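Inside the fold
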Amino acid sequence: MSGRQAAARPTRWRKHVRGDDLTAVREVRHGLREVLRHSGCGPGSADVAELLLSELVTNALIHTDHGAVVTATVAARTGLRVEVRDFDGAPPLPHVPVHDDSTHGRGLFLVQALADAWGVQGHGVGKTVWFEVSA
């Protein structure tokens, strides 16, 4: 396979995260960083993607009981798409965070502000919250 053909093939990474393991946030950030490094993604996009992934995984682990499945796909034409699937049907509720010292309530606000696109897809059991950023 030529280098051009390899570059055109999407790179996909998947990680299952247990519901009781908040240390997994660091692990998924590291995994995404490695995928993006090997895909040639610029450092600015990689930093944004890591931050947004951290927010979505943290939300899934704090607000649901059954863990999550993280999938990241990098394609030359479309950039990076990250999906965090959980197994709770309640929709995420984005809101503007209160201006205080609280560290809660900023996750979806950051996703809305920094992602090129984002959304929520319901499933029979659970939902997938996704975002896209240019590579």
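Residues numbered from 1 in each chain as written. Predicted model: local features only at pLDDT ≥ 70, side-chain atom pairs only at ≥ 80, totals over all residues. Heavy atoms only, no water.

**A closer look at the overall build of the protein**
Of regular secondary structure, the protein possesses four helices and five strands. The secondary structure elements of the protein, listed N-terminal to C-terminal, are α-β-α-α-β-β-α-β-β. When burial is assessed residue by residue, the protein has 36% of its 135 residues classed as buried. For the protein, the share of sequence-separated contacts (at least 6 apart) that also reach a separation of at least 24 residues comes to 60%. On the protein, roughly 8,000 Å² of surface is accessible, and the fraction owed to carbon and sulfur atoms is 53%. (Helix = DSSP H or I, 4+ residues; strand = E, 2+ residues; numbered from the N terminus. Buried < 20%, exposed > 50% of the residue type's maximum accessible area, 1.4 Å probe, protein only. Contact = heavy atoms within 4.5 Å. Areas by Shrake-Rupley, 256 points an atom, 1.4 Å probe, with all protein chains shown as cover.)

**Remarks on the environment of Ala115**
Looking at the element boundaries, Ala115 is found in the loop between helix 4 (107-114) and strand 4 (117-122). Classification of Ala115 by relative accessible area gives buried; the value is 13%. On a C-alpha basis, the gap between Ala115 and Arg81 in space is 9.9 Å, while along the polypeptide they are 34 residues apart.

**Side note on the environment of His16**
Here His16 shows up in strand 1 (residues 11-17). Sequence-wise, His16 and Ala68 are 52 residues apart; in three dimensions their C-alpha atoms are separated by 6.0 Å.

**Considering the environment of Leu36**
Tracing the chain through its elements places Leu36 in helix 2 (residues 24-39). Owing to a relative accessible area of 1%, Leu36 belongs among the buried residues under this scheme. When the C-alpha atoms of Leu36 and Val74 are compared, they prove to be 7.7 Å apart, with 38 residues separating the residues in sequence.

**Details of helix 3 (residues 43-63)**
Spanning 21 residues, helix 3 covers 30 Å between terminal C-alpha atoms, matching the ideal 30 Å at 1.5 Å per step. Restricting attention to buried positions, one finds in helix 3 the residues Ala46, Ala49, Glu50, Leu52, Leu53, Ser54, Leu56, Val57, Ala60 and Leu61. Lining the buried residues of helix 3 we find strand 1, helix 2, strand 2 (68-75), strand 3 (79-86), helix 4 and strand 5 (127-133). (Expected span 1.5 Å × (residues − 1).)

**So, the confidence of the model for the protein**
Summing up the model confidence of the protein, the mean pLDDT is 83 and the portion of residues at 70 or higher is 83%. Averaged pLDDT values over the elements of the protein bottom out at 45 in helix 1 (residues 3-8) and peak at 95 in strand 5. Below a pLDDT of 50 lies the segment residues 1-7, which in the model reaches three contacts outside its immediate sequence neighbourhood of four places, other chains included. (pLDDT = per-residue confidence, 0-100.)

**Section: the packing of aromatic side chains**
With the rule as written, the count across this model stands at zero aromatic pairs. The lysine or arginine in question, Arg81, covers the ring of Trp130, its NZ or CZ lying 4.1 Å from the ring centre. (Phe/Tyr/Trp six-rings, centres within 6.5 Å; stacked < 30°, edge-to-face > 60°. Lys NZ or Arg CZ within 6 Å of the ring centre and 35° of its normal.)

**Brief notes about the pairing of strand 2**
For strand 2, the buried fraction is high: eight of the eight residues fall into the buried class. Of the two faces of strand 2, the one lined by Ala68, Val70, Ala72 and Val74 and the one lined by Val69, Thr71, Thr73 and Ala75 are each fully buried. Inspection of the sheet shows strand 1 paired to strand 2 by seven bridges, in the antiparallel sense. Bridge pairing in strand 2 places Lys15 opposite Val70. Relative to strand 3, strand 2 runs antiparallel, the two being bridged by eight bridges. Directly across from Ala68, in strand 3, lies its bridge partner Asp86. Joining the antiparallel neighbours strand 2 and strand 3 is a turn of three residues. (Pairing = 2+ DSSP bridges.)

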